[in-house]
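# Residue-level structural notes
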Amino acid sequence: MEYATLYNGVKMPILGYGVYQVTKEECERCVLDALRAGYRSIDTAQSYANEEEVGEAIEKSGIARDDIFLTTKVWIEHYGYEETKASVIESMRKLKTDYLDLCLLHQPFSDYYGAWRALEELYNEGKIRAIGVSNFYPDRLIDLALFSSIKPMVNQVETHVFNQQKTAHEIMEKYDIRQEAWAPFGEGRGGLFENATIREIGVKYGKSTAQVMLRWLIQRGIVVIPKSTHYERMVENLDVFDFTLSEEDMDKIAALDKEQSSFFSHTDPAIVEWMAGIVEERKHAGKK
Ligand SMILES: NC(=O)c1ccc[n+]([C@@H]2O[C@H](COP(=O)([O-])OP(=O)(O)OC[C@H]3O[C@@H](n4cnc5c(N)ncnc54)[C@H](OP(=O)(O)O)[C@@H]3O)[C@@H](O)[C@H]2O)c1
């Protein structure tokens, strides 16, 4: 395993396992499989509704807690200083741990300043080893970095071959904020797993398209957290440390950038309204 060193000195595995859209029913088995395959970094979130299963799997695995890098994210309806503090403590209870390696604010909406103060405090108390954000595009990222006493250590954003985030990457490098790629395969949208250029490159190195896509991100210094519910794919996705893409191949992949999201844009007003709608709906449904 290779590690990314965050600006506060914390070492984070450059490759981890993400559990978005892993159902409650499957999650414990998947995390146990991932740990058995060799993953030592797990990325969950309050909104994935599977923190308890992640905690259960870690406990059952018998692997020492401090050998695992554990990330969760605070969802918008828990933003605001008091609510965020309480929700992180609740997440730790569900995850059966008394500290988090990384805690992120999931979205750049609502009272993220109040939420950030809570994360800063938990960080200063030693309950979280690193704090960061997710889906913060340059304007909001710089705003938070410059107007807080602790700037984010990580920013987790959609990053894959079709949405390479070159400008955002440069800004994160400028502020020494580590980029973490969510959907490193773009969930396969737009035929990414079948892309002829990536496939051809893979043949050259004896690697799959999935492995080439992960390797390309890692060589850009970006942390990756691929998700799979299949053990053999978990193993495949971890097997990316025995080859190096040449500069020419890195450039060929760089040329495939479509410079737009394969999902939705966080800066689209309609999406901000949609997010607010989700928060309202959940409040009314009384869900946590
Ligand atoms: N912060 C955010 O807002 C945010 C948003 C989205 C995701 N995330 C995080 O990022 C993680 C990864 O993103 P993601 O799950 O959306 O998408 P992803 O990792 O890009 O893609 C997952 C898809 O690829 C398939 N797959 C995995 N390995 C494969 C392989 N070797 N060959 C062929 N297909 C393969 C999986 O299928 P099977 O499962 O059937 O194998 C699944 O359909 C999430 O789990 C979550 O932790 C964060």
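Described in the following lines is the structure provided in the data block.

Parameters at a glance
- Residues numbered from 1 in each chain as written.
- Predicted model: local features only at pLDDT ≥ 70, side-chain atom pairs only at ≥ 80, totals over all residues.
- Heavy atoms only, no water.
- Helix = DSSP H or I, 4+ residues; strand = E, 2+ residues; numbered from the N terminus.
- Contact = heavy atoms within 4.5 Å.
- Buried < 20%, exposed > 50% of the residue type's maximum accessible area, 1.4 Å probe, protein only.
- Pairing = 2+ DSSP bridges.
- Right-handed = clockwise from strand over helix to strand, strands pointing away.
- Near = heavy atom within 4 Å.
- Polar contact = N/O pair within 3.5 Å; in protein donor to acceptor, adjacent residues only side chain to side chain.
- Areas by Shrake-Rupley, 256 points an atom, 1.4 Å probe, with all protein chains shown as cover.
- 1 Å grid on protein atoms, 1.4 Å probe; cavity = no way out; pocket = protein on both sides within 12 Å on 5 of 7 lines; lining within 4 Å.
- Sits in = over half its atoms within 2 Å of the grid points.
- Nonpolar A, V, L, I, M, F, W, Y, C, P; charged D, E, K, R; others polar.
- Points joined across faces, edges and corners; volume = space filled by probe spheres on them.

### Some details on the side chain of Ser87
- Structurally, Ser87 can be placed in helix H3 (residues 81-94).
- Filtering out sequence-adjacent residues up to four positions away, Ser87 remains in contact with Gln46, Val74 and His78.

### Remarks on the pairing of strand S5 (residues 69-74)
- In terms of burial, S5 is a largely internal element, 6 of the 6 residues being buried.
- Along S5, one buried face is formed by Phe69, Thr71 and Lys73 and the opposite face, lined by Leu70, Thr72 and Val74, is buried too.
- Judged from the 3 bridges that link them, strand S4 (residues 41-43) and S5 form a sheet pairing that is parallel. Bridge pairing links Ser41 to Phe69 in S5.
- Each parallel crossover has a hand, and the one from S4 via helix H2 (residues 51-61) to S5 is right-handed.

### Here's the deal with the site of the ligand
- With respect to spatial proximity, 27 residues lie near the ligand, and among them Asp43, Ser134, Glu187, Ser228 and Arg233 are the closest.
- A distance of 3.3 Å separates an oxygen atom of the ligand from a polar atom in the side chain of His106.
- Between a nitrogen atom of the ligand and a side-chain N or O atom of Glu236, the distance comes to 3.1 Å.
- When the free accessible area of the ligand is taken as 900 Å², the share hidden by the protein chains comes to 88%.
- Of all the cavities here, the one that holds the ligand is the largest pocket.
- No other element matches the 3 residues that helix H9 (residues 231-238) contributes to the shell around the ligand.
- Here the residues of the shell around the ligand sort into 11 nonpolar, 10 polar and 6 charged.

### Notes on the layout of surface pockets
- In this structure, the largest pocket spans a volume of roughly 920 Å³.
- Along its surface, the largest pocket is lined by 37 residues, and Tyr20, Gln21, Trp182, Ala183 and Glu187 are the ones closest to its centre.
- Those elements that place two or more of their residues in the lining of the largest pocket are H9 and helix H11 (269-285).
- In terms of residue count, the dominant contributor to the lining of the largest pocket is H11 (4 residues).
- For the lining of the largest pocket, a count of residues per class yields 17 nonpolar, 13 polar and 7 charged.

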